[in-house]
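Descriptive analysis of the structure
So the chains spell out like this:
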Amino acid sequence: MNKFIAIVGMCGSGKSVVSDEFVKRGYHFFRFGQITLDYIKQKGLEPNESTQKQVRESFREKHGMGAYAILNLPHIEELLKRGNVIGDGLYSWSEYKILKEKFSDKLIIVAVYTPPNLRYERISKRKPNINDIQLRNHSFSIEEAKSRDFSEIENIEKGGPIAMADYLIINDATIDILKLNTKKIINQIEGKKYTRPSWEEYFMELTRTVGKRGTCDRGRSGCIIIKNKKILATGYVGSPRGLEHCDEIGHQFKSVTHEDGTTTNHCVRTTHAEQNAICQAAENGISIKGATIYCKMEPCSVCAKMIINSGITKVVCEKRYHSAQDSRDMFKKADIDLEVLNDEIESYEKQ
């Protein structure tokens, strides 16, 4: 059954940050107040806060205090047919009652609470934004931010949904902590528990991170050497120290013709990730005998020879390498364990 999450909170509480975390999980997003902005644009009215307030009042005069629930019902129902829904900015107790009656088995209220003084300070620091009707002309002073809490009837009525919230997020620290706490709430809503990555997943993720330092865009390969669950050395593809990188002056290609007549192209400007990791260990006097090396893809034949002679006993790769048959044969003869996690060939330009 698809879920409908409605976010409630006072201005400046951090509702948008919370909504974004739900969107990252695949929830379909809508903003309760978007119909106000759409109406202003449709009628060609002056896009300012005063106009926005007048439109809200006209909606409520026609539909009552539950106007934004009533007007959004068709859109919510349509989105729920497609999956889970996250609605940003539930306005009032009256709207909450309508939504609860309509979506009783699907509706979940998440309230975001930020201490008033912190909210006022954040609102006052907002910069004018041409894409935001409320902030297009000016930022709010702290006094203006305070007055908003009591000058708009929907802000006064928000006490109902906040009090009836199924989940409460306290936002009194950094954005990163707010995001972390939101993720925990999402996991609770979805009945998921955090699972620590396995050692293999952990080391492979580190390998990917190391590879981001690579200076050849034909692979950006990285690797790490592990023993007894400790990192001994890391390496990424890059030119020897002091020499130009591929990212700076381009690739240096050479073709290799194999015994079966096939030809492969290789960039020879760089030192491979495996070679750099082994060199790093040697430079620092670290023995890697009996270690495991984690790689982005199967090593080339030159790297394979270095791996064998360095005493490494296991090679774990994320993907296959298109020209790795020689390496596989050597590893087999040298009694080195080769494990490939994804039986897919890594592809890159001019392979």
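Remember, predicted model here, so these are calculated numbers, not experimental data. (Residues numbered from 1 in each chain as written. Predicted model: local features only at pLDDT ≥ 70, side-chain atom pairs only at ≥ 80, totals over all residues. Heavy atoms only, no water.)

Points about the confidence of the model for the protein chain
The line we're drawing: A residue's pLDDT is simply how confident the predictor is in it, with values from 0 to 100. Here, two residues are considered to be in contact whenever any of their heavy atoms come within 4.5 Å of each other.
Summing up the model confidence of the protein chain, the mean pLDDT is 87 and the portion of residues at 70 or higher is 89%. Every residue in residues 129–138 is under pLDDT 50, and counting partners more than four places away or in other chains gives 22 contacts.

Details of the packing of aromatic side chains
Condition: Stacked, tilted and edge-to-face are the three classes assigned to paired rings of Phe, Tyr and Trp, where Trp is represented by its six-membered ring and a pair needs centres within 6.5 Å; plane angles under 30 degrees give stacked, over 60 edge-to-face, the rest tilted. Classification of residues uses two cut-offs on accessible area relative to the type maximum, computed with a 1.4 Å probe and protein chains only: under 20% is buried, over 50% is exposed, and between them is partly exposed.
Using the criterion set out here, one finds 11 aromatic pairs in the structure. Aromatic side chains phenylalanine 22 and tyrosine 27 sit 5.1 Å apart centroid to centroid with 85° between the ring planes, which places their arrangement in the edge-to-face category. Ring centres 5.2 Å apart and planes at 45° place the aromatic pair tyrosine 202 and phenylalanine 203 in the tilted group. Accessibility expressed as a relative area gives 36% for tyrosine 202, which makes it partly exposed. By relative accessible area, which is 3% here, phenylalanine 203 ends up buried. Ring-pair connections join several aromatic residues into one group, and the members of that group are Phe4, Phe30, Phe32 and Phe103.

Points about the pairing of strand E11 (residues 314–319)
Side-chain direction in a regular strand flips from residue to residue, so the side chains alternate between the two faces of the sheet. Note the following rule: Counting from the N terminus, the helices are DSSP H or I runs at least four residues long and the strands are E runs at least two residues long. We call a crossover right-handed when, viewed with both strands directed away from the observer, the connection leading from the first strand over the helix to the second proceeds clockwise. In short, DSSP must find at least two bridges between two strands for them to pair.
Summarising burial for E11: 5 of the 6 residues are buried, a large majority. As a crossover connection, the stretch from strand E10 (residues 292–297) through helix H14 (residues 301–310) into E11 is right-handed. By the bridge criterion, 4 bridges tie E11 to strand E12 (residues 337–340) in an arrangement that is parallel. Across the sheet, the residue bridging to lysine 314 is aspartate 337, located in E12.

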